[in-house]
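Each chain, written out:
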Amino acid sequence: MAHIVGCIGTSHIPAIGSAMHKKLEDTPYWKPFFDGYPPVRNWLQQVQPDVAVVFYNDHGLNFFLDKMPTFAVGAASSYSNADEGWGIPTLPPLRGQTDLSWHLIEQLIDQEFDIVSCQEMLVDHACTLPLKLLWPEGPCPVTIVPICINTVQFPLPKASRVYALGKAVGQAIASWNSDKKVAVIASGGLSHQLDGERAGHINKAFDLQFMESLLNNPEWATQFSIHDLVEKTGTQGVELLMWLAMRATLSAGAGAGVHKVHSNYHIPISNTATGLLALASVA
Ligand code: DHB
Ligand code: FE
């Protein structure tokens, strides 16, 4: 059966793509952000995942306000990147892992998650940048299954529902009849608000408590309503729901312990608090 090697949560600010393209990683503005990644890349080199399940939120590229699934699972053999308006370089298409996609879709529907299955799916910066940050050299070495969670148009799924989804995804991966190693990635956050009266809102205390909770008390954030989360973290800070789903994949099954590989927190990049957390699963 397939095995989850661990999970990684990371921010996905589009400017990261430009910074990598222009090789600005060691400049004073960017260094404290990029310095977080080498320990996580080294760990990935050791554990060598074959597949990444990527929880992310589409920002109006593949799904627009007219059709907005709450949860959508990709089932394509290839995912093309498109620039949805941030002016960042378009990355090469990512390879899908369709057998895992369909296994997840079947298991999730069976577990009463009425997800949308997508045999065609364009992916935006939120799917591509984490993979580029984790594997910066050459083509992406892992195949992917992207899972979209709506954080763009209200009503959004509750934190507790997102946690339950993550748990079901973790159980489904564990029951996938394959010897492949799977990494689970969450893309989003942390606290940020891009527009409106509170543009630039950042809540360091909450972000750090949230990151800490993912280690040993992963259900902590499920106590908050979506409105609480928006109030605390900003309208886009609610992207932290991806991290909750990611962490829940590891809470399932026997021997559900995790150990922290590395974390980093830096403010701000753009108008956003950036976070990075890698957790290895301990059997
Ligand atoms: C920014 C952050 C995001 O999460 C996003 O999707 C787009 C832009 C930003 O901070 O600039
Ligand atoms: Fe975003």
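Model, not experiment: these values are computed from the prediction.

Conventions we followed
Per chain, residue numbering runs from 1 following the sequence as it is written. Chains and ligands are labelled by the order in which they are written, letters from A for the one and numbers from 1 for the other. Per-residue local features are limited, in this predicted model, to residues with pLDDT of at least 70; the limit for side-chain atom pairs, both in listing and counting, is 80 or more; totals at the level of whole chains, interfaces and linings are taken over all residues. Only heavy atoms go into the side-chain values, all of them from the structure, while hydrogens and water stay out. Each pair of aromatic rings taken from Phe, Tyr and Trp, with Trp reduced to its six-membered ring, is defined by centres within 6.5 Å and is described as stacked if the planes are under 30 degrees apart, edge-to-face if over 60, and tilted in the remaining cases. Remark: exposure states derive from per-residue accessible area (1.4 Å probe, protein chains only) relative to the maximum for the residue type, with buried under 20%, exposed over 50%, and partly exposed in between. A run of H or I in DSSP counts as a helix once it spans at least four residues, and a run of E counts as a strand once it spans at least two, with each numbered from the N terminus. Metal sites are built from N, O and S donor atoms within 2.8 Å, or 3.2 Å for Na, K and Ca, and they leave out water, so they may look incomplete. Patch criteria: residues need more than 30% relative accessible area and no salt bridge. Like-charged residues are merged within 9 Å; nonpolar side chains of Val, Leu, Ile, Met, Phe, Trp and Tyr are merged within 5 Å. Only the protein chains shown count as covering a residue, and every accessible area follows the Shrake-Rupley method with a 1.4 Å probe. In what follows, salt bridge is the name for a side-chain nitrogen of Lys or Arg lying within 4 Å of a carboxyl oxygen of Asp or Glu.

Visitor: Help me get a handle on the packing of aromatic side chains, residues and values and all.
Guide: What the rule picks out here adds up to 10 aromatic pairs. Note on Phe-33 and Phe-34: the rings are 5.0 Å apart at their centroids and 80° apart in plane angle, and the pair reads as edge-to-face. For the pair Phe-33 and Phe-34, one class covers both residues: buried. Centroid distance Phe-210 to Trp-243: 6.3 Å. Interplanar angle 55°. Geometry classified as tilted. Pair noted here: Phe-210 is in helix H7 (residues 204–216) and Trp-243 is in helix H9 (residues 241–248), with a separation of 33 residues, a long-range link. We classify Phe-210 as buried; its relative accessible area is 0%.

Visitor: Quick rundown of the coordination of the iron ion (ligand 2)? Include the residues and the values.
Guide: For the iron ion (ligand 2), every protein donor is listed as His-12 (NE2), His-59 (NE2) and Glu-239 (OE), and the spread of their distances is 2.1 to 2.2 Å. Taken in sequence order, the residues that donate to the iron ion (ligand 2) follow the motif H-x46-H-x179-E. Of this pair, His-12 sits in the loop between strand E1 (3–10) and helix H1 (15–21) while His-59 sits in the loop between strand E2 (51–56) and strand E3 (71–74), and the two are 47 residues apart along the sequence. With relative accessibility at 4%, the residue His-12 sits in the buried group. Under the relative-accessibility criterion, His-59 is labelled partly exposed at 26%.

Visitor: Please provide a residue-by-residue account of a nonpolar patch on the surface, values included.
Guide: On the surface, a nonpolar cluster with roughly 270 Å² of combined accessible area is contributed by Phe-64, Leu-65 and Val-152. Counting through the fold element by element, Leu-65 comes out in the loop between E2 and E3.

Read these as geometric descriptors, not functional statements.
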